[in-house]
Amino acid sequence: MKQNQHLRQLTLAALLAAFTTVATLLIQIPTPTKGYLNLGDCFVNISAWLLGGVYGTAAAGIGSALADVISGYFVYAPVTLIIKSLMAFSSFHIYQKLSEKHGSFRSRIAAACIAEVIMIVGYAGFEAVMYGSVMTALLGMPSNLVQGIMGVASSVTLYELVIKRVPHLNSK
């Protein structure tokens, strides 16, 4: 039974990494700092909530970094791997900590918001170093804030309205 559970988690992680990649590639709106807005953060959070700290973190980071490689944003791929992995790791653990006291919906919102703050700060820090300018990095923050809002709204909505209602999907 334990081997079946491991295989199930691994398969779901691969599927969610693919969903993350596709969601990131589906719509790409360029930003002033040569990044792009996308829907990938929806699956970063969902990966964390469905798969937990290890598998969810791997699915989110690998899927997001793969999208950067496919899109030709090679310089962002390693940083994306780190940032998106940290987002998923944080989203999972914050949700776990808050859900007992505050319920599913509010806890997912809080976890997703904190994950998106990690994304905004992470990319601003990277871009400040990459461009050698804090001002240039600040130009990307409004775009990343919009992506963060989209990430929170889409991940919480999709999870609460669809995924939460799928039998066997939430049984770890």
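Below, the structure is looked at part by part.

Topic: the overall build of the chain
For the chain, the helix and strand inventory stands at five helices and two strands. In the chain, the succession of α and β elements from N to C terminus is α-β-β-α-α-α-α. The C-alpha atoms of the chain give a radius of gyration of 16 Å, which matches the 16 Å a tight globule of 172 residues would have. Overall, the chain is about 50 × 35 × 25 Å in size when its C-alpha atoms are taken along their principal axes. Counting every position in the chain, which comprises 172 residues, the buried fraction comes to 47%. Long-range contacts, defined as pairs at least 24 residues apart, comprise 72% of the intrachain contacts of the chain with a sequence gap of at least 6. For the chain, the accessible surface area stands at approximately 8,700 Å², while carbon and sulfur atoms represent 75% of it. The average position of the 11 basic charges and that of the 6 acidic charges among the side chains of the chain differ by 10 Å.

Quick notes on helix α3 (residues 77-102)
Taking 1.5 Å per residue as the helical rise, α3 with its 26 residues ought to reach 38 Å, and the 35 Å between its terminal C-alpha atoms agrees with that figure. At Q96, α3 is deflected by roughly 30°, the largest bend along its length. G103 occupies a position one or two residues after α3 and carries a positive phi of about 85°.

Let's talk about a nonpolar patch on the surface
Residues L26, I27, I29 and L39 make up a contiguous nonpolar surface patch of about 350 Å² in total accessible area. When you line up the elements, L26 lands in helix α1 (residues 2-26).

Notes on the packing of aromatic side chains
Considering all chains together, one arrives at six aromatic pairs under this definition. Between Y73 and Y76, the ring centres sit 6.3 Å apart and the planes meet at 75°, which makes this aromatic pair edge-to-face. The exposure class assigned to Y73 is partly exposed, which follows from its relative accessible area of 22%. Geometrically, the ring pair formed by Y76 and F126 is edge-to-face, given 5.4 Å between the ring centres and 65° between the ring planes. Placement of the pair is Y76 in the loop between α2 (40-71) and α3 and F126 in helix α4 (residues 104-131), with a sequence separation of 50 residues. With respect to burial, Y76 and F126 carry one shared label: buried. In this structure an aromatic cluster arises from ring pairing among Y73, Y76, Y123 and F126. Stacked on the ring of W49, the Lys or Arg R108 has its end atom at 5.1 Å from the ring centre.

Regarding the nonpolar core
Of all hydrophobic cores here, the largest spans 34 residues; its most connected members are L16, I46, W49, L50 and L51. Counting residues per element, the ones that place at least two in this core are α1, α2, α3, α4 and α5 (134-161). No other element matches the eleven residues that α2 contributes to this core. Discounting residues that sit within four places of it in the chain, I46 has contacts with L16, S155, L158, Y159 and I163.

A short note on α1
Spanning 25 residues, α1 covers 36 Å between terminal C-alpha atoms, matching the ideal 36 Å at 1.5 Å per step. Within the span of α1, buried status applies to Q9, L12, A13, L16, A17, T20, T21, A23 and T24. Against β2 (36-37) and α2 lie the buried residues of α1.

Observations concerning the pattern of salt bridges
Overall, the coordinates contain three salt bridges when judged by the stated rule. Residues K84 and D41 are paired through a salt bridge, measuring 2.3 Å at the closest nitrogen-oxygen approach. Here K84, found in helix α3, pairs with D41, found in helix α2; they are 43 residues apart in sequence, far enough to count as distant. A single burial state applies to K84 and to D41, both of which are buried. In this structure, E160 engages K164 in a salt bridge whose closest nitrogen and oxygen atoms are separated by 2.7 Å. In this structure K164 comes out as partly exposed when scored by relative accessible area, which is 38%. Salt bridges sharing partners connect three or more residues here, namely R108, E160 and K164.

Cut-off values and rules
- Here the residue numbering is sequential within each chain, running from 1 through the sequence in written order.
- Local features are withheld for residues below a pLDDT of 70 in this predicted model, meaning they are given only at 70 or higher, and side-chain atom pairs are given and counted only at 80 or more; totals for whole chains, interfaces and linings count all residues.
- Each side-chain value is derived from all of the structure's non-hydrogen atoms; neither hydrogens nor water enter the calculation.
- A run of DSSP states H or I qualifies as a helix once it reaches four residues; a run of E qualifies as a strand once it reaches two. Both are numbered from the N-terminal end.
- With C-alpha atoms as the basis for the radius of gyration, the globule rule is written as 2.2 Å multiplied by the number of residues raised to the power 0.38.
- Partly exposed residues are those whose accessible area sits between 20% and 50% of the maximum for their type, while under 20% is buried and over 50% is exposed, using a 1.4 Å probe and protein chains only.
- Should any heavy atoms of two residues lie within 4.5 Å, those residues are considered in contact.
- Per-residue and other accessible areas were derived by the Shrake-Rupley procedure at a 1.4 Å probe size, with only the shown protein chains allowed to occlude residues.
- The charge count treats Lys and Arg as positive and Asp and Glu as negative. His and the chain ends do not count.
- Taken as the charge location is NZ of Lys, CZ of Arg, CG of Asp or CD of Glu.
- Every helix has an expected span of 1.5 Å times one less than the residues it contains.
- In this scheme, the bend at a residue equals the angle between the axes fitted to the seven residues that finish there and the seven that begin there.
- For patches, a residue must show more than 30% relative accessible area and have no salt bridge; joins then use 9 Å for like charges and 5 Å for nonpolar side chains, namely Val, Leu, Ile, Met, Phe, Trp and Tyr.
- Criterion for a salt bridge: a side-chain nitrogen of Lys or Arg within 4 Å of a carboxyl oxygen of Asp or Glu.
- Each aromatic pair joins two rings of Phe, Tyr and Trp (for Trp, the six-membered one) with centres within 6.5 Å, and gets the label stacked for planes under 30 degrees apart, edge-to-face for over 60, and tilted for any other angle.
- To sit over a ring, a charge needs its Lys NZ or Arg CZ within 6 Å of the ring centre and within 35 degrees of the ring normal.
- Buried Ala, Val, Leu, Ile, Met, Phe, Trp, Tyr and Cys residues that are joined via side-chain atoms within 4.5 Å together make up what is termed a nonpolar core.

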